[in-house]
Amino acid sequence: MESQFHAMEAVAARPVPPDRWPMPQIRKRILVVSRTGGLTAEVFSAVLKIAQRLGLDLIALYTDPLPRNTAPPACRPAFIVKARINGALLMEQARRRGVHAQIVIAPGKVARTVADLIAASRGIAFVILEPDIALREVRSLVSVPVFAAVVETGRLCPSSTLSLARRHGIGRAALKFFNVHSPRGGEQMAENVSRKKNVQKTFVFGAAAAAIYAAVFYFADPLMSLATRGKFYALVPVATVFLFSYIHGNFTSYFWSALGIEASKRTGVQPKAVKPVKRKDTRPRARLSV
Amino acid sequence: MHATGSEIIQFIDLNLISVLFLFGVGFVGGLVSGFIGSGGAFVLTPGMMSLGVPGTVAVASNMCHKFPKALVGSIKRARYGQVDVKLGLILGASAEIGVQIGIHVQKLILDRWGQAGSNLYVSLAFVAVLVSVGGFILRDVIKSTAAPATAPQATRIARALQKIELWPMIAFKTAKVRISLWFTVPVGLATGMLAATIAVGGFIGVPGLMYIIGITSIVASASELVIAFVMGLGGTLIWAWYGMVDLRLTLIILGGSLFGVQLGAIGTTYVKDYMIKVVMATIMLIVALSRGIAVPRYLGQLNLMDLSAGWDLALSRVSFTLMIIALLVGAGIILGALFKARKLEAASAPELEPEPA
């Protein structure tokens, strides 16, 4: 192992040689990785909640990607100080939640350091990376599931992420606060927002539909006498069903959408054809001067 | 039909069971209509009559629920890019003429052979049309599923008709077809005539669009909803002019059918083209069987056959039960295909690609 870890059980931890790195434990653990030396409060909170809910231990790895050029490479002092302070906060919060946590400070490239730590410390169920860490690179070197924390997009949980998690035996709760960086991220976020809107509209149109149904059946006798008068009163039933088809039709549409039953994304909505833009013909014209 | 006013017509009292029955049949009917473009309403008229609703009121109320259902279904499917509005409106106009012809024929038969003769004519029309057209669709489905998977192609007759340049030629953009108006008219007329006879014009309209005009079953079933809207609105105005619409019945059925029609329309985005044909052929053949069983009843009523009262009742019940079974089988196939396809789509969702560094 080329990289060097600094492990600590408390704030006053001191650097230890590789042969004293955290040894394999029976309990499963989550590895959360920072390369800035400071995990944000949101990541703290989310990771601890997950660890608490799943009953897992926690390892926080602070890896310095720009170590001092020594042999062996060592973390920059400022990085160590920052990581220790951040680690102390994490340890304190973990203690309050009854989660067993360990802090590891190590120099070296993130992906390599994570891979080394996983190899050295068995029992890591999955890895959560700080948002700005290259997910692809880490994934290419490790065999456990790797997720990137996207706290801003918050409680997104795409179905494919869930299926991935199920395959690896990770609970749903673990994914509730995280999302995998993906080109579909924005789409998923839009989907969630639209689902929320659909629920709201279901209630609005549902209430309106219930109201008009109640009104029709409450005033059934006068309405029926109007609707069955014939001649130009024929417009009464026709107008009534048009009104119902708008309100109840919208309600039923939003109802299925709110339940998540929507058109297939593959063959569903056909995109509108883009009209070709007519280019201006700028070629020189033949001229005849008479 | 021409009796005006509520003083003549007996409107039934509704109870919870009848409301739930109508809502449920409306839902299943809507589901089938949303999926295959029509065919959901044929159980409703006999269903309402079994609750004690007079025949004319049952027909009028059924008609009055059909056009808003078709409107909602066609709007939904138009959002999926499946509806050719121009085609639907043109065929709807010719279908209206077909309805008038169909009503005239019905009147002639009614005057000559009475109610039993009219019923026999309707049942024979059911059996003849549904067996021939349903059998043809089933054969097509079997052939197309046995053949290697290719994009659905127009039939030979459709291709031949599209080649004939007979003024006025009309281009239907969504249907991706250019054909003479004169070849669309017979399809519309037949649709209207069948609608006036057995109340489900789509059983000839959708196959006509697929096999004669040459459009895909998805677009055909979606455009049929526009035709159903045009025919339904026209028919409703006529029935309502004579004060025959029981608005309460209409709204209860509409309550269920709008849930169904939305789900049926969503279903079309998940299934392959031939699935619409499967559902349509299945329903048509079971309904044909149902009406075939009812034929001896009408022969008995015309004194062309000896049939005891017990047998008459039994055949009537078996026939009605088979109609409900037809609808339920169709709905079962649709829901099964929809949820199976959704599951497959979710399972085969592409693995999330990590974002490049």
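Parameters at a glance
- Residues numbered from 1 in each chain as written.
- Chains lettered and ligands numbered in written order.
- Predicted model: local features only at pLDDT ≥ 70, side-chain atom pairs only at ≥ 80, totals over all residues.
- Heavy atoms only, no water.
- Patch = residues over 30% accessible without salt bridge, like charges linked within 9 Å, V, L, I, M, F, W, Y side chains within 5 Å.
- Areas by Shrake-Rupley, 256 points an atom, 1.4 Å probe, with all protein chains shown as cover.
- Salt bridge = Lys/Arg side-chain N within 4 Å of Asp/Glu carboxyl O.
- Lys, Arg positive; Asp, Glu negative; His and termini not counted.
- Charge placed at Lys NZ, Arg CZ, Asp CG, Glu CD.
- Helix = DSSP H or I, 4+ residues; strand = E, 2+ residues; numbered from the N terminus.
- Buried < 20%, exposed > 50% of the residue type's maximum accessible area, 1.4 Å probe, protein only.
- Pairing = 2+ DSSP bridges.
- Core = buried A, V, L, I, M, F, W, Y, C linked by side-chain atoms within 4.5 Å.
- Phe/Tyr/Trp six-rings, centres within 6.5 Å; stacked < 30°, edge-to-face > 60°.

Caption draft 1: A look at a positive patch on the surface. Residues and elements named next belong to chain B. Side chains of Arg139, Lys143, Arg156, Arg159 and Lys163 sit close together on the surface and give a patch of like positive charge. For the positive patch, the elements supplying multiple residues, two or more each, are α4 (85-146) and α5 (156-163). The greatest single-element share of the positive patch, amounting to 3 residues, is contributed by α5. Residue class for Lys143 comes out exposed when judged on its relative accessible area of 53%.

Caption draft 2: The pairing of strand β1 (residues 169-172) of chain B, seen in detail. All names here are of chain B. In the sheet, β1 pairs with strand β2 (residues 177-180) via 4 bridges, with the strands oriented antiparallel. Across the sheet, residue Met169 finds its bridge partner in β2, namely Ser180. Two successive antiparallel strands, β1 and β2, enclose a turn made up of 4 residues, where Lys176 displays a positive phi of approximately 55°.

Caption draft 3: Region of the structure containing the nonpolar core. Among the nonpolar cores identified, the biggest contains 119 residues, and Ile36, Phe42, Leu130, Phe203, Ile215 and Ile283 of chain B are the most heavily contacted of them. Formed by 29 residues, the second largest nonpolar core is a distinct cluster that contains Val43, Cys75, Ala94 and Ala149 of chain A.

Caption draft 4: Inspection of the packing of aromatic side chains at higher detail. By the definition in use, this model includes 17 aromatic pairs over all chains. Judged by centre distance (5.9 Å) and plane angle (80°), the ring pair of Phe126 of chain A and Phe147 of chain A falls under edge-to-face. Here Phe147 of chain A lies in strand β6 (residues 146-148) and Phe126 of chain A lies in strand β5 (residues 124-129), a separation of 21 residues in the sequence. Here the aromatic cluster, defined as three or more aromatic residues joined through ring pairs, consists of Phe251, Phe255 and Trp256 of chain A together with Phe23 and Phe259 of chain B.

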